[in-house]
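Residue strings, one per chain:
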Amino acid sequence: GATMATMATDAPSEAMTTYYCVGTTYMNGNEHVAKRGRILLFTAVSDASGGTRLELRAVGRVKGAVYTLEPFCGGLLAGVNARLQLFQWVPRLDSNALGSSGASDKAPRGFDGDLRMLATQHGFITVLSTWTDGDRVLVGDMMKSISLVQLVNVKGANGSGASAAAADAGGGGGGGTGAGAGAGAAPSSTRLVNEHAWVSEQSDVAMREVCRDYGSMWTTASATLDSRHYLACENMYNLYTCRRDPNAVTDDERRRLEFVGGFHLGEHVNRFREGSLVMRASAASSGSISSLTPKLVFGCVSGMLGVVASVNHDEFAVLSRLQAAAIKVLQGVGDMPYNPWRKFVTSSRADECRNFIDGDVVESILDMSRDDAERVWAEATAMYGRNGGGEAAAPAAASVGGASMELPTVLSSASAMLKYVEEVSRLCH
């Protein structure tokens, strides 16, 4: 199986049912690109021995390898080779009316139903990852970095809804027409909606690209952090973040994802998942002195697990100073310098590590001797424009860039710093 997902259906003709979806592919020895694949739907049923087994309930055939599956807006979203495809679950009572737009012409005897394709988005090299958020999908492409795709309503092949979608996504009606002509004639069961989107004649929805990162990144995994910020990993073991500006002045700026942060992880990430490694109460309800909130867990090819957490701007400033101070005190393995190792470097760009905090470096403060920990505290407070004055030193104000910056309470003493780092570690682990 290439990928797995779960999907719940509540069609009028059937009770709520959870399906376990598995994507597969067939590869012949002389093929460089998979041309055949299947989407298998299973349900969990009880057997005679009192246990549970998976029973195959539906099969949808696709033209390529199924790299990713996600439930999306009541349907099933699949990344099939260079296409993003949305399928609708059709119960058996209606499956005979699928016609040529369905994944197969008729549900086989004994199956619950079939998958009908509603819309297809083209314009990718290989769709390796998808992350759904409401009616939007973040797509990680094998060579074309990340892009944001939205599900939209269309009124018809010649209606105003289709024309509006074409103008928005294709940069004008002429651009959409030219792309359609270059791609060849559309199948009789689909119609062109915009530059890269085809929609079934039986459907009133389509997908269109909202924005993308125009850099060349060989993306291995991607995730949505919030409505404007996105995280991805690429094949040279770097994490990077992009930001969307929906209020930009020009259309070109609104359609562009801006690169805002890079970090060399040194591991190949193949999946992000929402959550954390530990169950915990919210920072506010637990009386935490840190705003740090775990958002994502990631898994690597080597078996390593990691956590991505968000912090507010003020706490990021504190953590970045603690990290810089710890790097000065720590002795690297083989005297290897830290900053060059974390530098973001790909085949097409190089950038200093920015807008990321290395949690392992910050947590290493807890393993230091008391003298080294006080050195870290002194270095961190000096970055606020003052020198450490011993354990009993009181907070002071400093002038940074012409503005007054108050020394944070968590850095009022070495003991306060250690308590704060312990809290950060607890929130992540």
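What counts and how
- Residues numbered from 1 in each chain as written.
- Predicted model: local features only at pLDDT ≥ 70, side-chain atom pairs only at ≥ 80, totals over all residues.
- Heavy atoms only, no water.
- Helix = DSSP H or I, 4+ residues; strand = E, 2+ residues; numbered from the N terminus.
- Buried < 20%, exposed > 50% of the residue type's maximum accessible area, 1.4 Å probe, protein only.
- Contact = heavy atoms within 4.5 Å.
- Areas by Shrake-Rupley, 256 points an atom, 1.4 Å probe, with all protein chains shown as cover.
- Expected span 1.5 Å × (residues − 1).
- Polar contact = N/O pair within 3.5 Å; in protein donor to acceptor, adjacent residues only side chain to side chain.
- Pairing = 2+ DSSP bridges.
- Axes fitted to C-alpha atoms, helices over the stretch in contact; angles between N-to-C directions.
- Core = buried A, V, L, I, M, F, W, Y, C linked by side-chain atoms within 4.5 Å.
- Phe/Tyr/Trp six-rings, centres within 6.5 Å; stacked < 30°, edge-to-face > 60°.
- Lys NZ or Arg CZ within 6 Å of the ring centre and 35° of its normal.

Novice: Describe the overall build of the protein chain, and please don't skip the residues or the numbers.
Specialist: Summing up its helical and strand segments, the protein chain has 9 helices and 25 strands in all. A total of 429 residues make up the protein chain; the buried ones form 47% of that total. Sequence-distant contacts in the protein chain: of pairs separated by 6 or more residues, those separated by 24 or more amount to 56%. Looking at the protein chain as shown, the accessible area adds up to about 20800 Å², and 51% of this sits on carbon and sulfur atoms.

Novice: So what's going on with helix α5 (residues 313-329)? Which residues, and what values?
Specialist: For α5, built from 17 residues, the straight-helix expectation of 24 Å at 1.5 Å per residue is met to within 8% by its first-to-last C-alpha distance of 25 Å. All buried positions along α5 are accounted for by E315, A317, V318, L319, R321, L322, Q323, A325, A326 and V329. Capping the start of α5 is the job of one residue whose side-chain oxygen sits 3.3 Å from the backbone nitrogen of D314: N312.

Novice: Which residues make up the sheet that holds strand β15 (residues 219-224), and what values go with them?
Specialist: Taken together, 4 strands build an open sheet; the order of strands is β15-β16-β17-β18 and the sheet is antiparallel. In this open sheet, the two edge strands, each paired with only one partner strand, are β15 and β18 (257-264). Adjacent strand axes in the sheet meet at a mean angle of 20°, parallel and antiparallel pairs treated alike. Strand direction decides the pairing type here: β15 and strand β16 (residues 229-234), joined by 5 bridges, are antiparallel. Opposite S222, over in β16, you have A232 as the bridge partner.

Novice: Requested: an account of the nonpolar core, with residues and values cited.
Specialist: With 57 residues, the main nonpolar core has L239, V269, F272, L322, I365, L411 and M417 as its most contacted residues. In terms of residue count, the dominant contributor to this core is helix α9 (residues 414-428) (8 residues). Contact partners of L322, with chain neighbours within four places excluded, come to I365, V376, A380, L411, M417, Y420 and V421. One finds A5, L41, V62 and W89 within the second-largest nonpolar core, a separate group that totals 15 residues.

Novice: So, α9: which residues are in play, and what are the values?
Specialist: With 15 residues, α9 ought to run about 21 Å at 1.5 Å a step, and its terminal C-alpha atoms sit 22 Å apart, in line with that. For α9, every residue scored as buried is listed here: A414, M417, L418, Y420, V421, E423, V424, S425, L427 and C428.

Novice: Tell me about the packing of aromatic side chains, and please be specific about residues and values.
Specialist: Under the defined criterion, the tally for this structure stands at 6 aromatic pairs. Here Y240 and F344 contribute two aromatic rings whose centre-to-centre distance is 6.3 Å and whose plane-to-plane angle is 70°, an arrangement assigned as edge-to-face. In this pair, Y240 is assigned in strand β17 (residues 238-244) and F344 in strand β22 (residues 344-345), connecting sequence segments 104 residues apart. Geometrically, the ring pair formed by F272 and F298 is edge-to-face, given 6.1 Å between the ring centres and 70° between the ring planes. With F272 in strand β19 (residues 269-274) and F298 in strand β20 (residues 293-300), the pair connects residues that are 26 residues apart, well separated along the chain. Pair check on accessibility: F272 and F298 agree, each one buried. Grouping aromatic residues by their ring pairs yields a cluster made of Y240, F259 and F344. Sitting above the plane of the Y26 ring, R36 keeps its charged end 4.6 Å from the centroid.

Novice: Account for the pairing of strand β3 (residues 36-46), with residues named and values stated.
Specialist: Each regular strand shows side chains that alternate between the opposite faces of the sheet. In this sheet, β3 lies alongside strand β2 (residues 17-26) in antiparallel orientation, the contact comprising 7 bridges. Each bridged residue has a counterpart across the sheet, and for T24 the counterpart in β3 is R38. Strand direction decides the pairing type here: β3 and strand β4 (residues 52-62), joined by 10 bridges, are antiparallel. Within β4, the residue paired with R38 across the bridge is R61. Between β3 and the antiparallel strand that follows it, β4, lie 5 residues; G50 among them carries a positive phi value of about 90°.

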